[in-house]
Structure formats: C-alpha cells, structure tokens
Amino acid sequence: MAGHVRTLPLCRHRKEIYLMLYKKIKKYINYKILRCKPTQVVIETTNRCNLNCPFCLVGMQNELLDQHGSTSHDLMSRTQGSMSPETFDTVRKRLRDFGIKKASLHFQGEPFLNKNTSQFARLLKSDGLYVGVFTNGQAFTDQIIEEIADVEIGLIRFSVDGASEETYTVNRVGGTFEKVFENMKKVVKAHAGKKTRIEWQFLALKNNEHEINTARQMAKEININFFVKGFRETNPELAPVNPEYKPHYLKKPCSDIYKQLGIYWNGDVVPCCYDVDGKEIMGNAVEQSLKEIWNSDKYRDFRSKVDNSKKQSSSEPLICKNCLRWQ
C-alpha cells in the first residue's frame, strides 16, 4: 500500500516532473557545451585564390559593401601566402596535444593551390583525425586527383554556383563551368569504392536559383551528392527570391566558438571561420600551444563578450556584430 501511495504523485504530475528533468538536462548540456574546448579546426593551407567571387569575404559586408559594392576576395587586406611544411608540422603537433578530432583543410583561398595539401591531409588522417576539404574545383590536376584519392579523406565538397557557363562565371569569377564539371566527374571516378563523400554545394542566389533543378539532375548523372546552401547575405541584391532557399539563423549567444577555431597559413589563430581578415587574432600556433592560446586573457575576454552579447551588445566583437549565422 505504501508503495502504491508513493507512485500517485508521479502519475498525477508526471508531465511536470518530466518537464523539470528535461530543463535540468538541457541546462547541464548547455553548461558543458559552453565550457568545452574546441575539437574542430579549419586550417588555411593558403589564402590565395584562383577566383574572385563577389560574395567571398563573409562577415565583412558592413565594412566593404558601401565602399566597394562587393565583398570579393581581392579586397582582403592581410598578407597572402601558403602554409609551409615546417609550419604545418608544428601546427599538427599542436592539434594532437590539444585534442582536435576533426580538421578541415580550407579557410580563405583555394586549398589545392598549395601543392602540399594532399600530404597535409594524409598526415592528419594518420593522426586519427577526420579530414575534409572544400574547393572551387578549378585547381585540380590529374596528379592532385590521384594524390587526394589515395589519401581517402572523409569529405570533398565542391562549391559550384551555377549549371551553365553563363551563370557560373558571374558567381565564380575567373573560373569555367566546363572545367569544374569535368573535375567533379574525375574526382568521383577516382574515389569509386572509397569511403570519401563527394559533394556539390550549390549556393542559391537570385541569378542562379532557376538552375537548381538542372544542377540537381546533372549531379545525379555523375553520381555526386548535391545540396543547396542558403546564401548568407553579404549583398542583399544577390539574395534568392524563393523563400525555400533562404538560410536559417541561430539565436545568440554563439556556441560555435567553443566547437571550432581557425588557423591561418602563417599559424595565426582566430576564434571563428568568419574572421576572414584577421580582426581577432588570439595568438600564433607556431609560437604557442593551443592550450596557452585558448586559456589566454585575450581569448577568455573574447568568449566573455560573445557570451554576454545579448546583455552588453556595445562590447560585442565587430565580427560578431556582422555575423550572418547568429542573430
């Protein structure tokens, strides 16, 4: 009887109890997320690019659009260069020591303009990291395709924003659709039977949304995974008309800064992949360990300002005020 009495409150109020438990679990998960260190990194093998897309410098639209009418790659002010094998060796050790689990060999620029990118991928994979790379697909040669296929990384993503020469060349200035489409076919063929996921990312814009279905069919024909990405509006005039292709925004405060960090070609460490021009450099991985950088006063202060962005918006970092992901 006593046991029966004890179960009555649970039966009567189980919804309230479940809700209370859910809130506690959610609070605990959020607490853990906001206090963990990043396990992902984007590594810039080079910030040089063979294209000059008008929407390139995401996160700098408020600074560049009024003055230049564009956020193209050639407006980047920081020094251009490529990561050397020596710098990479040091960065690689820093990643192991810090506990990084996933590495993306891209940031600002075309990664395969660095002849060492395939070797970098091989070494990171040998360390047990999941490795991916985003590319515009124009720099591939038969040798590079053979090298990267031999490594068998986790992901290769092509950024191809058009299904015709006319449309593609407006968005990917300096490239040709014929060349990238041929390279996609070659990469898919070279990875036959391998575990690498090959993707065609189509950034939906006002000038290309009419070609999405055509692109999807072309992707099917060459056996490449296709998806449409919502345009982060560096320039509102380029935004697609169809609301289906609008991106979704997350509510601040941002938690991405606790999941991932970025490393430029020269070893400089930044807290966000939207910091394309070195506005918030936290340290240098050649000179310091990632643990030292992550626990530095500068990085702690940055995270504090991001965490309190809703309450103290005036002190929010500029790259966060310009953010096209967290609103």
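For every chain, the first residue of its written sequence is number 1, and the numbers climb from 1 along that sequence. For this predicted model, a pLDDT threshold of at least 70 governs which residues receive local features, and a threshold of 80 or more governs which side-chain atom pairs are given and counted, while totals over whole chains, interfaces and linings are taken from all residues. Only hydrogens and water are set aside when side-chain values are computed; all heavy atoms of the structure are taken into account.

Enquirer: What is the right way to look at the sheet that holds strand β3 (residues 130–135) in this model?
Expert: Adjacent strands of a sheet form backbone hydrogen bonds with each other and so pair up, either parallel or antiparallel. Strand order in the open sheet formed by nine strands is β6-β5-β4-β3-β2-β1-β7-β8-β9, with mixed pairing between adjacent strands. Each having just a single partner strand, β6 (225–229) and β9 (283–284) make up the two edges of the open sheet. The pairing criterion for strands is at least two bridges between them, as found by DSSP. The helix count covers DSSP runs of H or I at least four residues long, the strand count covers runs of E at least two residues long, and both are numbered beginning at the N terminus.

Enquirer: What am I meant to see in the packing of aromatic side chains here?
Expert: One pair of aromatic rings is described through two measures. These are the centre distance and the angle between the planes. Classification of ring pairs uses Phe, Tyr and Trp, with its six-membered ring standing for Trp, and accepts pairs whose centres are within 6.5 Å; under 30 degrees between planes counts as stacked, over 60 as edge-to-face, and the remaining range as tilted. Using the criterion set out here, one finds 13 aromatic pairs in the structure. Both rings, one in F55 and one in F231, keep their centres 6.2 Å apart while their planes meet at 75°; by these two values the pair is edge-to-face. Of this pair, F55 sits in the loop between β1 (40–43) and α2 (61–68) while F231 sits in the loop between β6 and β7 (260–263); the two residues are 176 residues apart in sequence, bridging distant segments of the chain. Like F55, the residue F231 is buried in the burial classification. Considering the side-chain rings of W294 and Y299, the 4.9 Å spacing of their centres and the 65° angle between planes classify their relative orientation as edge-to-face. Whether a charge lies above a ring is judged from NZ of Lys or CZ of Arg, which has to be within 6 Å of the ring centre and within 35 degrees of the ring normal. One residue, K37, lies across the ring of F98, its end atom 4.6 Å from the ring centre. The cut-offs for exposure are 20% and 50% of the maximum accessible area for each residue type, with area from a 1.4 Å probe on protein chains only; residues under the lower value are buried, those over the upper are exposed, and the others partly exposed.

Enquirer: Sorry if this is basic, but what is going on with the pattern of salt bridges here?
Expert: Opposite charge on two side chains makes pairing possible when the charged atoms of those side chains draw close. Between Lys or Arg on one side and Asp or Glu on the other, a salt bridge is scored when a side-chain nitrogen of the former is within 4 Å of a carboxyl oxygen of the latter. If you walk through the whole model with that rule in mind, you get 15 salt bridges. Between K185 and E182 there is a salt bridge, and its shortest N-O distance comes to 3.3 Å. Remark: E182 and K185 occur in helix α7 (residues 177–190); sequence separation between them is three residues, near one turn of the helix. By relative accessible area, which is 34% here, K185 ends up partly exposed. On the basis of relative accessibility, which here comes to 35%, the residue E182 falls in the partly exposed class. Sharing partners across several salt bridges, the network here consists of R92, R96 and D127.

Enquirer: Explanation requested: unusual backbone geometry in the structure shown.
Expert: A cis amide bond links K252 to the next residue, P253, at an omega of 10°. Residue position: P253 is located in the loop between β6 and β7. Phi is positive for E152, which is not a glycine, with a value near 60°. For N223, which is not glycine, the phi torsion reads 65° and is therefore positive. Tracing the chain through its elements places N223 in the loop between α8 (212–221) and β6. The exposed category is assigned to N223, whose relative accessible area is 64%.

Enquirer: Can you walk me through α2 in this structure?
Expert: Residues of α2 that are buried include every one of Q61, L64 and L65, and no others. Buried residues of α2, seen end-on, are gathered within an arc of 100° and therefore sit on one face of the element. What points out from α2, more than 90 degrees from its buried face, is the exposed set N62, D66 and Q67. The directions considered for the arc are those from the helix axis to the C-beta atoms.

Enquirer: Teacher, can you tell me more about the nonpolar core here?
Expert: When a protein is soluble and globular, its nonpolar side chains tend to lie buried together. What we call a nonpolar core is a set of buried Ala, Val, Leu, Ile, Met, Phe, Trp, Tyr and Cys residues that are connected through their side-chain atoms within 4.5 Å. Counting residues in each nonpolar core, the largest one holds 77 residues, and the members touching the most others are L95, L124, F158, W200, I224 and I263. In terms of residues, this core owes the most to one element, α7, which gives six residues. Throughout, a residue-residue contact means that at least one pair of heavy atoms, one from each residue, lies within 4.5 Å. If near-sequence neighbours (up to four positions away) are discounted, L124 is found in contact with I43, F88, R92, L95, A103, L105, L129 and V131. Ranked by size, the runner-up nonpolar core spans five residues in total, among them L57, M60, L64 and M76.

Enquirer: Please explain the pairing of β7 as it appears in this structure.
Expert: Regular strands place side chains that alternate from one sheet face to the opposite one. The alternating pattern of β7 places Q260 and G262 and L261 and I263 on opposite faces, both of which are buried. Looking at chain direction, β7 and strand β8 (residues 268–270) are connected through two bridges and run antiparallel. The residue bridging G262 from the neighbouring strand is V270, located in β8. Connecting β7 to the next strand, β8, in antiparallel fashion are four residues, including G267 with a positive phi near 100°.

Enquirer: Even after reading the chapter, I still don't get the side chain of K252, so can you show me in this structure?
Expert: Secondary-structure assignment places K252 in the loop between β6 and β7. Dropping the residues within four chain positions of it, K252 is found in contact with S309, K310, E316, C320, K321, W326 and Q327.

Enquirer: Before we go on, may I ask you to explain the packing of helix α4 (residues 117–126) against helix α5 (residues 142–151) in this structure?
Expert: How two helices sit against one another is set out by the angle between their axes and by the gap between those axes. Note on definitions: angles span 0 to 180 degrees between N-to-C directions of axes, and those axes are lines fitted to C-alpha atoms, for helices only across the stretch in contact. Their axes nearest at 9 Å, the elements α4 and α5 cross at an angle of 5°. Here α4 lies roughly parallel to α5, going by the angle between them. Each of S118, A121, R122 and K125 in α4 lies in contact with α5, whose residues at this interface are I144, E147, I148, D150 and V151. An angle counts as roughly parallel when it lies under 35 degrees, as roughly antiparallel when it exceeds 145, as roughly perpendicular when it falls between 65 and 115, and as oblique in every other case.

Enquirer: Looking at this structure, I do not really get the environment of T196. What am I missing?
Expert: The residue T196 is located in the loop between α7 and β5 (197–203) in this model. Using a relative accessible area of 9% as the deciding quantity, one classes T196 as buried. Expressed as a C-alpha distance, the spacing of T196 and V131, which sit 65 residues apart in the sequence, is 9.8 Å. Residues in contact with T196, not counting those within four places in the same chain, are E152, I153, G154, L155, I156 and H191. N or O atoms closer than or at 3.5 Å make up a polar contact, with two conditions inside protein: a donor-capable atom paired with an acceptor-capable one, and, for residues adjacent in sequence, both atoms drawn from side chains. Polar side-chain contacts of T196 include one of 2.6 Å to the backbone oxygen of I153.

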